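Observations on the model geometry
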Amino acid sequence: MVAARITVNGEEKQISPAAPHTTVLEFLRDRGLTGTKEGCAEGECGACSVLVARPGVNKPTDWVAVNACLVPVAALDGQEIITSEGLATAGEPGKPPTLHPVQEEMALRGGSQCGYCTPGFVCSMAAEYYRPDRCAHADTAGGTDAEHGPNGFDLHALSGNLCRCTGYRPIRDAAFAVGTPTDEDPLAQRREQASPAPVATEYTRDDSVFLRKGTLAETLRLLRERPDAVVVAGSTDWGVEVNIRSRRADCVVAVDRLAELRELRVESDHIEIGAALTLTEIERRLDGAVPLLAELFPQFASRLIRNGATLGGNLGTGSPIGDSPPVLLALEASVLLADADGEREVPLAEYFTGYRQSVRRPGELIRAVRIPLPLSPVAAFHKISKRRFDDISSVAVAFALDIGDGIVRKARIGLGGVAATPIRALATEAALEGTPWTAETVEAAARILQGEGTPMNDHRASAAYRSAMLGQSLLKLYAQTTEAVSS
Ligand SMILES: Cc1cc2nc3c(=O)[nH]c(=O)nc-3n(C[C@H](O)[C@H](O)[C@H](O)COP(=O)(O)OP(=O)(O)OC[C@H]3O[C@@H](n4cnc5c(N)ncnc54)[C@H](O)[C@@H]3O)c2cc1C
Ligand code: FES
Ligand code: FES
């Protein structure tokens, strides 16, 4: 097997002697590329943002910004990244480099004071600068609003970057001022060629190993031999465990590039979404085809996290406050579980068995999530958290309702944050179905919804607040649907 290597700013570097758990951030800084900063080491601040060449949605390659503090460098064996140092173009000998257009705008508009956050901001900004369909949105589809610039720049691209001293206005001004990449721009040209293919990796140091196999079958055989292995996809959960809780694994198996886990198929009676597609890829490929998922994505973490996070990882953690389970429960999704013996389909409503526990057996992988069609027309996802973006849910409620002739024909409601597992609000669903969609019935159902689950008091919210939010959420949905009808 060839020694593990990564291309950084066009230069190939050996990953050795980094440990298998060494993050991309640590690797870069150890090699003198100290532009990439560590603020939090848990995906919250974006100071560590770098660009990775990934298979594109509209072009052969997309430049995708990710949190270097969460990804093990061994996971990027054979891959190509650009750091803030690689954005500028080298000048004549003895002359300073030419700033990249996003760096230029940040400098011109006073987007940087202490500068600690700036390398991360410019990398996130550069990813949006190179987004192939960005300019298509310029001054269209409602044009400029608080979150979109006249140049099509989507401010959500910066939702995972924090700045403590400059203030966001000048940064937003810079983002909304960037133009279009020229034909000579080397990173724009790079998008026209394929991104590096995944390579099989066996990277061992001391007693631990990072493994990536080329196919699902090989991976499943490996997991049968090593049931102790930790599976990683985007590493947005596992990376936090490694950095903040000092977790280490003797064997880590990467599944994020497995082609069998990266398919998205729309069939006549269902949509199947590969477990290792990132949330950004799903969002862009579905392009609103599943409105409930379209409501979920902007409320899930930040763009930086969504560029790595997968549905397999969100269900794999079994967390009761994961945001996709309530949505997938309301959509009546099922989970396709694969092991070396074959595959089985489990309704998500039967998947979770206890706090962070599921029916998934050792050696089994989530291959895909299947959403039955047709979808119920009334869909809403209400995430109650302290901040609007980049925050963990205190309570999450997903609704999928079919209302015809003023009667609720079908109601599916998924809840997060009110029990040891994500749950369906079965009593509320039963109370709504077959009844008129009126203020009286909705108020009665909201009282039932308030009593669903067994919410707890914790640092995010009290049990009473969580219950109150459940009820409010149905009342809010009613207000939204009646506003839509009357407007
Ligand atoms: C700053 C920050 C903000 C966040 N905000 C949110 C949020 O708003 N909402 C939310 O729900 N979550 C949030 N998260 C948590 C995390 O991003 C999600 O849970 C994400 O979906 C995990 O996906 P991943 O691919 O990165 O998982 P990984 O970290 O790679 O893996 C997570 C777990 O899932 C298992 N796993 C991964 N893939 C599979 C598979 N195919 N089959 C079986 N098991 C698998 C792994 O073994 C591991 O135990 C946040 C995390 C951070 C760091
Ligand atoms: S160091 Fe804060 S997100 Fe990586
Ligand atoms: S410029 Fe100081 S943190 Fe942003």
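Attention here is on the structure that accompanies the text. (Residues numbered from 1 in each chain as written. Chains lettered and ligands numbered in written order. Predicted model: local features only at pLDDT ≥ 70, side-chain atom pairs only at ≥ 80, totals over all residues. Heavy atoms only, no water.)

We now examine the packing of aromatic side chains. Each aromatic ring pair is specified by the distance between its two centres and by the angle formed by the two planes. Across all of its chains, the model carries four aromatic pairs by this definition. The interplanar angle of 75 degrees and the centroid separation of 4.9 Å between the aromatic rings of Tyr129 and Tyr130 together place this pair among those described as edge-to-face. The pair formed by Tyr129 and Tyr130 is uniform in burial state, with each residue classed as buried. With centroids separated by 5.5 Å and ring planes inclined at 65 degrees, the aromatic side chains of Trp437 and Tyr478 adopt a geometry described as edge-to-face. Remark: Tyr478 occurs in helix 16 (residues 463-486) and Trp437 occurs in the loop between helix 14 (426-432) and helix 15 (439-450); sequence separation between them is 41 residues. Here Trp437 matches Tyr478 in class, with each residue buried. (Phe/Tyr/Trp six-rings, centres within 6.5 Å; stacked < 30°, edge-to-face > 60°. Buried < 20%, exposed > 50% of the residue type's maximum accessible area, 1.4 Å probe, protein only. Helix = DSSP H or I, 4+ residues; strand = E, 2+ residues; numbered from the N terminus.)

Our next topic: the packing of helix 3 (residues 101-108) against helix 4 (residues 118-129). Helix 4 packs onto helix 3 with a crossing angle of 125 degrees between their chain directions and a minimal axis gap of 9 Å. As far as their axial angle goes, helix 4 and helix 3 are oblique. Note that helix 3 runs across helix 4; the crossing there is right-handed. Contacts from Pro101, Val102, Gln103 and Met106 of helix 3 reach helix 4 at Thr118, Phe121, Val122, Met125, Ala126 and Tyr129. Of the residues assigned to the contact of helix 3 with helix 4, the class counts are eight nonpolar, two polar and no charged. (Axes fitted to C-alpha atoms, helices over the stretch in contact; angles between N-to-C directions. Parallel < 35°, antiparallel > 145°, perpendicular 65-115°, else oblique. Left-handed = near helix turned anticlockwise from the far one by under 90°. Contact = heavy atoms within 4.5 Å. Nonpolar A, V, L, I, M, F, W, Y, C, P; charged D, E, K, R; others polar.)

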